[in-house]
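# Analysis of the macromolecular model
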Amino acid sequence: MMRMMIGTSLFFTAALCSSLVFGLPTSEHVVHEKRDGIPEHWTKISEASDDTPIDLRFALKQRNLERAQEYMREVSHPESENFGRFWTPQEVISTFAPSEEALSDTVQWLLQMGVASKRIAPSAGRNWVKVKSTVAEAEKLLDTTYSVYQDDEGTILVACESYAIPAGIRQHIDFVSPTIQFDPRMGTITKRNAKREAMRPKFKTVNIDSEPLELDSCSQLTTPACLRAIYGIPEEGEAVEGNSYGIVEFAPQSYNQVDLNGFFSVYTSNVPNDTAPIVNGIDGGYLSDDTGSGTRGESNLDLCYAMALVHPQNVTLYQVGDATFSNPATNNNLLDAIDGSYCTFEGGDNPDWDGIYPHDASVPGAYTGEPMCGTYNATNVISVSYGRNEIDRPPSYTTRECMEYMKLGLMGVTLMFSSGDTGVSGISGRCVKDNGAPTPVGSSYGKFNPLFPASCPWITSVGGSALPVNGSVGDREVVAYQFSPGGGFSNLFPLPDYQAAAIASYYSEHDPGYNSSRYKNSQAVRGFPDVAVASQDFITGIDGGFQAFTGTSAAAPTFGAMITLINGERIKAGKGPVGFLNEVLYAHPEIFNDIIEGHQSGCGTEGFHAVEGWDPASGLGAPSYGILKAVLMSLP
Ligand SMILES: *[C@@H]1O[C@H](CO)[C@@H](O)[C@H](O)[C@H]1NC(C)=O
Ligand SMILES: *[C@@H]1O[C@H](CO)[C@@H](O)[C@H](O)[C@H]1NC(C)=O
Ligand SMILES: *[C@@H]1O[C@H](CO)[C@@H](O)[C@H](O)[C@H]1NC(C)=O
Ligand SMILES: *[C@@H]1O[C@H](CO)[C@@H](O)[C@H](O)[C@H]1NC(C)=O
Ligand SMILES: *[C@@H]1O[C@H](CO)[C@@H](O)[C@H](O)[C@H]1NC(C)=O
């Protein structure tokens, strides 16, 4: 993909000129975003002093997002004559960039409110307007009051609980930050950052006498050979240029080559010693020597299986984040680096959650370079085994991120995200109280807490399956039972067309057994996951030995490997990569071995049960590689 840069100053000049033509947007302030009380663990400690500096960012509304579904269908529905005719970054920008009017009206209003033009900076992609401001000025602009809040761990935050924008400007603005977002600043290093809750696979240590396991133990321990046998994945691949398989890791997770070598030597017959991924470090992305499954586990797991399954195809590791900044639940710095259409003039999109670079050089391990913007090409398939709760960020932010995945899909990238490891509850088993606050870790009450990006309609959400207890290769898989695979219904994203028939049939034939006090049962929202793939006891090289990892972290790289292999076949046949997959998957349920046994758990319930057809415990089921390949090869 080509990156595209637009001169910032050019747009700014244009904005100022055209603004002289428009009338001044003078109108009453209208409340734009409001929270219902402050989150648990936070306390208001004082008013914010007038001269506190604030970098305000106005997220301008993009155009044509309401047509996302139609655009996506056009390039990814199997019946569409334009299947596979993906968009260029230029087409993405020209279709979705906010209107010139949105920019000029916003800038005009700011000038009118007395903000000096040298403090106003629009972004290259026309998506943001940044204002170097103070609390006093921001309070006037947004008709609000900023306060200082502190959480249990001593993190200090300047925020407000609601804010308003003039009626004449509102239609142009998605959201403004910092305002109602309660989350510690990522620019500073806080205790909270280090222990941020994230999706992590469970693991157990296994003592293996360095012999490859027989296929008859695949229900106890999973190896690449087991996955090949269960799904029919071929071993003899071919390296196809331009088809490297993308795996994303966030600091402090880091793979270890010696561990990979140990794994390749025992559990593969074809991957040579010292085979390494192509490392694309993003914003200081680095490889560490830290030991232990907490640091190496996720990365080693993802790479052992991605590399074993697609070899000799290359694997590209997008290693995100420097040694001072770790926010595994933020994907915007990644998006900036692989998608030039997404970048802002100053790195990540939101200083509340994204890395803002350069970092302070006095901090050891800090990335002091410029933020990466369109630095790397996106690979055809990208698998990410990290996530957060859908509710963790305001809807405006989460929706915007989901729409960026949609744009990558339009450009031909297939995105896999694990569906989560805590069933219908959120990360760490938290559910949601009636007032919207999270319940304690592992609680047995509350509303279901769907995960994101798993709940975004424009990615493929990969849940967890397993062979039955004591079962054999060839047995029908069941819902993973050593943990509870994530799945359910979004509180945010409407039902996409591709899933409408599957959801209608699910509800018409089954009663999930919960009412609206537990989850959004409107039958008009996105359900996830889309598919389920093996997820238990994946033998992984670690700290010089082996451990078995369990979770959907194992499933997403496995399914992504299948699509990478098939893309390779398509490219050899003179076709392109498949891009966004879900339109094809739901149109061809015969690709899947339906999973009809097992259920999830969470929030004191049995979660959802697997049933015939799509369900939130196992999606469409487990893929058969042969049929998946036949279907995808038959497409133009
Ligand atoms: C795989 O990556 C290596 C190292 O970047 C490169 O030299 C080689 O050409 C790549 N192979 C293919 C088939 O793209
Ligand atoms: C693999 O390569 C590493 C370093 O290149 C070497 O130390 C190790 O002995 C090799 N392992 C095997 C099994 O050949
Ligand atoms: C990205 O892909 C384009 C088109 O294939 C190529 O010209 C360009 O060199 C690539 N950029 C990088 C950073 O690999
Ligand atoms: C699985 O096998 C073990 C060991 O043979 C046995 O103890 C256990 O009861 C079996 N479980 C099931 C569900 O068949
Ligand atoms: C949902 O069901 C529970 C009992 O399972 C009941 O107490 C509650 O009133 C119901 N709520 C709604 C909104 O129907």
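Note that this is a predicted model, so its numbers are computed, not measured.

A word on the overall build of the protein chain. Helices and strands together make up the secondary structure of the protein chain, namely 16 helices and 26 strands. Relative to its full complement of 636 residues, the protein chain shows a buried share of 62%. Sequence-distant contacts, at least 24 apart, represent 79% of the contacts inside the protein chain between residues at least 6 apart. As displayed, the protein chain offers around 22,600 Å² of accessible surface, 51% of which is attributable to carbon and sulfur atoms.

Counted according to the given criterion, the structure contains 29 aromatic pairs. Relative to Y498, the ring of W458 lies with its centre 6.3 Å away and its plane at 65 degrees, an arrangement referred to as edge-to-face. Of this pair, W458 sits in the loop between strand 17 (451-452) and strand 18 (460-466) while Y498 sits in helix 13 (residues 497-509), placing them 40 residues apart in sequence. For the pair W458 and Y498, one class covers both residues: buried. The ring of W128 has R57 sitting right over it, with the charged end atom 6.0 Å from the ring centre. Lying over the aromatic face of W128, R400 brings its terminal NZ or CZ to 5.0 Å of the ring centre.

Residue P252 follows A251 across a cis peptide bond; omega there is 5 degrees. Turning to its location among the elements, P252 is positioned in the loop between strand 11 (245-250) and helix 9 (257-267). Cis geometry is found at the peptide bond from F452 to P453, where omega equals 5 degrees. Following the sequence through the fold, P453 ends up in the loop between strand 17 and strand 18.

Below, the discussion takes up the site of ligand 1. Surrounding ligand 1, one finds A239, V240, E241, I278 and N314. N314 places a polar side-chain atom, nitrogen or oxygen, 2.3 Å from an oxygen atom of ligand 1. Protein chains bury 42% of the 360 Å² of accessible surface belonging to ligand 1 in isolation. Of the residues that constitute the shell around ligand 1, the class distribution is 3 nonpolar, 1 polar and 1 charged.

What the rule picks out here adds up to 3 disulfides. Here C402 is linked by a disulfide to C456, with a sulfur-sulfur distance of 2.1 Å. Taking the sign of the S-S torsion, 80 degrees for the link of C402 and C456, the bridge is right-handed. A residue pair is termed long-range when its members are at least 10 positions apart, and C402 in helix 12 (residues 395-410) and C456 in the loop between strand 17 and strand 18 qualify at 54 residues. Here C402 and C456 have matching classes, each one buried.

Packing of helix 9 against helix 10 (residues 293-310) brings their axes to within 10 Å, and their N-to-C directions diverge by 40 degrees. Our classification of the angle between helix 9 and helix 10 gives oblique. When you trace helix 9 past helix 10, the crossing you get is right-handed. Counted together, D259, L260, F263 and F264 of helix 9 and R296, N300, L303, C304, Y305, M307 and A308 of helix 10 form the full contact between these two elements.

Now for the pairing of strand 12 (residues 278-282). Where strand 12 meets strand 13 (residues 315-320), 5 bridges bridge the pair, whose relative direction is parallel. Among the inter-strand pairings, I278 is bridged to a residue of strand 13, identified as T316. This β-α-β element, strand 12 to helix 10 to strand 13, shows left-handed connectivity.

Let us look at the UniProt feature "active site" (unreviewed entry) in the protein chain. In the numbering adopted here, UniProt assigns the feature "active site" (unreviewed entry) to E298, D302 and S553. Taking the farthest pair of C-alpha atoms as the criterion, the annotated set spanning 256 residues converges on one region, since that pair is 7.3 Å apart. With respect to the helices, strands and loops of the structure, E298 is situated in helix 10. Under the relative-accessibility criterion, E298 is labelled buried at 2%. Looking at where S553 falls in the secondary structure, it is placed in helix 14 (residues 552-572). Looking at S553, its side chain comes within polar contact range of the side chain of E298, at 2.8 Å.

We now examine the sheet that holds strand 6 (residues 147-151). Across the sheet, which stays open at both edges, the 3 strands sit in the order 2-6-7 with antiparallel pairing between neighbours. The open sheet has two free edges, formed respectively by strand 2 (42-47) and strand 7 (156-159), since each of these has just one partner strand. The sheet shows a mean angle of 35 degrees between the axes of neighbouring strands, taken without regard to direction. For strand 2 and strand 6, the ladder comprises 5 bridges, and the chain directions are antiparallel. Residue T43 lies in a different strand from strand 6, and its bridge partner there is Q150.

Moving on to the nonpolar core. With 126 residues, the main nonpolar core has W458, F559 and L585 as its most contacted residues. If we ignore the near neighbours within four places in the chain, the residues touching W458 are A68, Q69, M72, C402, M403, Y405, M406, Y498 and F580. Membership of the second largest hydrophobic core comes to 31 residues, among which are L60, V131, F175 and V176.

Take the sheet that holds strand 3 (residues 53-60) next. Spatially, 4 strands are ordered 4-5-3-9 in an open sheet, and the strand pairing comes out antiparallel. For this open sheet the edge positions go to strand 4 (120-122) and strand 9 (173-177), each flanked by a neighbour on one side alone. When the angles between neighbouring strand axes are averaged without regard to direction, this sheet yields 20 degrees. Looking at chain direction, strand 3 and strand 9 are connected through 4 bridges and run antiparallel. Within the sheet, the bridge partner assigned to F58 lies in strand 9 and is V176. Packing of helix 5 (residues 135-142) onto the sheet brings it into contact with strand 3, strand 5 (128-134) and strand 9, and relative to strand 5 it is tilted by some 130 degrees.

Rules behind the numbers
Residues numbered from 1 in each chain as written. Chains lettered and ligands numbered in written order. Predicted model: local features only at pLDDT ≥ 70, side-chain atom pairs only at ≥ 80, totals over all residues. Heavy atoms only, no water. Helix = DSSP H or I, 4+ residues; strand = E, 2+ residues; numbered from the N terminus. Buried < 20%, exposed > 50% of the residue type's maximum accessible area, 1.4 Å probe, protein only. Contact = heavy atoms within 4.5 Å. Areas by Shrake-Rupley, 256 points an atom, 1.4 Å probe, with all protein chains shown as cover. Phe/Tyr/Trp six-rings, centres within 6.5 Å; stacked < 30°, edge-to-face > 60°. Lys NZ or Arg CZ within 6 Å of the ring centre and 35° of its normal. Near = heavy atom within 4 Å. Polar contact = N/O pair within 3.5 Å; in protein donor to acceptor, adjacent residues only side chain to side chain. Nonpolar A, V, L, I, M, F, W, Y, C, P; charged D, E, K, R; others polar. Disulfide = S-S within 2.5 Å. Axes fitted to C-alpha atoms, helices over the stretch in contact; angles between N-to-C directions. Parallel < 35°, antiparallel > 145°, perpendicular 65-115°, else oblique. Left-handed = near helix turned anticlockwise from the far one by under 90°. Pairing = 2+ DSSP bridges. Right-handed = clockwise from strand over helix to strand, strands pointing away. UniProt positions renumbered as here; feature names shortened; annotations may be inferred. Core = buried A, V, L, I, M, F, W, Y, C linked by side-chain atoms within 4.5 Å.

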